[in-house]
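Observations on the three-dimensional arrangement
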Amino acid sequence: MKSIFIFFIIMTLSMTTHADTSAKKKLPPCQDTPNCVSSQATSKSHYIAPFKVSGDPVLAWKELRKAIMTHVRMVITHETETTLHAEATSLVLSFVDDIDAILDAEAGLIHIRSASRLGHSDFGVNRKRIEKFRTQLRKLHVLG
């Protein structure tokens, strides 16, 4: 019985989140901890601006995908034409962070979220990760 309970806890903690593929175009909400940022968050502490596309939204989406794939400890685990989910694994303790993105081509936006699966604080790692992607995409002139 005890091993079943432990297995259940481990499976619950290791569950990933995925961007909503419905027409609503919603990212998973941030929990009430400071280790998550999202362009759809309603709280100031979790909010990060979405990526404002300059030009072709499909090109910007492809460049975001490339930016994610160039990171050694980051892998895309699920994707559609307008959503993607990636996992970033930390070097030292192998903690996993979830990255979700939704392309809203009509609005010219890429909504983005990065969140730690475990723990309370992330020392700003998730916010820095998203801002690094923003900088990379601006250098490629696909974001305004």
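Above this text sits the structure in question.
Residues numbered from 1 in each chain as written. Predicted model: local features only at pLDDT ≥ 70, side-chain atom pairs only at ≥ 80, totals over all residues. Heavy atoms only, no water.

Let's talk about the pairing of strand E6 (residues 109-116)
Which entries qualify depends on this criterion: Burial classes: relative accessible area under 20% of the type maximum marks a residue as buried, over 50% as exposed, and values in between as partly exposed (1.4 Å probe, protein chains only). Each helix is a run of H or I in the DSSP string that is no shorter than four residues. Each strand is a run of E no shorter than two, and both are numbered from the N terminus. Strand pairing is assigned whenever DSSP detects at least two bridges linking the two strands.
Counting buried positions along E6 yields 8 of 8 residues, so the element is predominantly enclosed. Side chains of E6 alternate between two faces, with Leu109, His111, Arg113 and Ala115 and Ile110, Ile112, Ser114 and Ser116 buried alike. With 3 bridges connecting them, strand E1 (residues 36-38) and E6 associate as antiparallel partners. Bridging across to E6, Cys36 finds its partner in Ala115. Where strand E2 (residues 51-52) meets E6, 2 bridges bridge the pair, whose relative direction is antiparallel. Across the sheet, the residue bridging to Lys52 is Leu109, located in E6. Looking at chain direction, strand E5 (residues 96-104) and E6 are connected through 8 bridges and run antiparallel. Bridged to Asp100 within E6 is Arg113. With antiparallel pairing between neighbouring strands as the criterion, E5 and E6 make up a hairpin whose turn holds 4 residues, including Gly108 at a positive phi of roughly 70°.

A closer look at the packing of helix H2 (residues 57-69) against helix H3 (residues 125-139)
What counts here: As a rule, the C-alpha atoms of each element are fitted with a line to give its axis, helices using only the stretch in contact, and angles between N-to-C directions run from 0 to 180 degrees. Small angles under 35 degrees read as roughly parallel and large ones over 145 as roughly antiparallel, with 65 to 115 read as roughly perpendicular and the rest as oblique. Left-handed describes a crossing in which the near helix is turned anticlockwise from the far one by less than a right angle; the clockwise case is right-handed. Every residue pair with non-hydrogen atoms within 4.5 Å of one another is taken to be in contact. Three classes are used: nonpolar for Ala, Val, Leu, Ile, Met, Phe, Trp, Tyr, Cys and Pro, charged for Asp, Glu, Lys and Arg, and polar for all others, with Gly counted as polar.
Where H2 meets H3, the closest approach of the two axes is 10 Å, and the angle between their N-to-C directions is 125°. In terms of orientation, H2 and H3 fall into the oblique class. H3 is crossed by H2, and the crossing has right-handed handedness. In contact with Ala60, Glu63, Leu64, Ala67 and Ile68 of H2, H3 contributes Phe133, Gln136 and Leu137. Here the contact of H2 with H3 is composed, by residue class, of 6 nonpolar, 1 polar and 1 charged.

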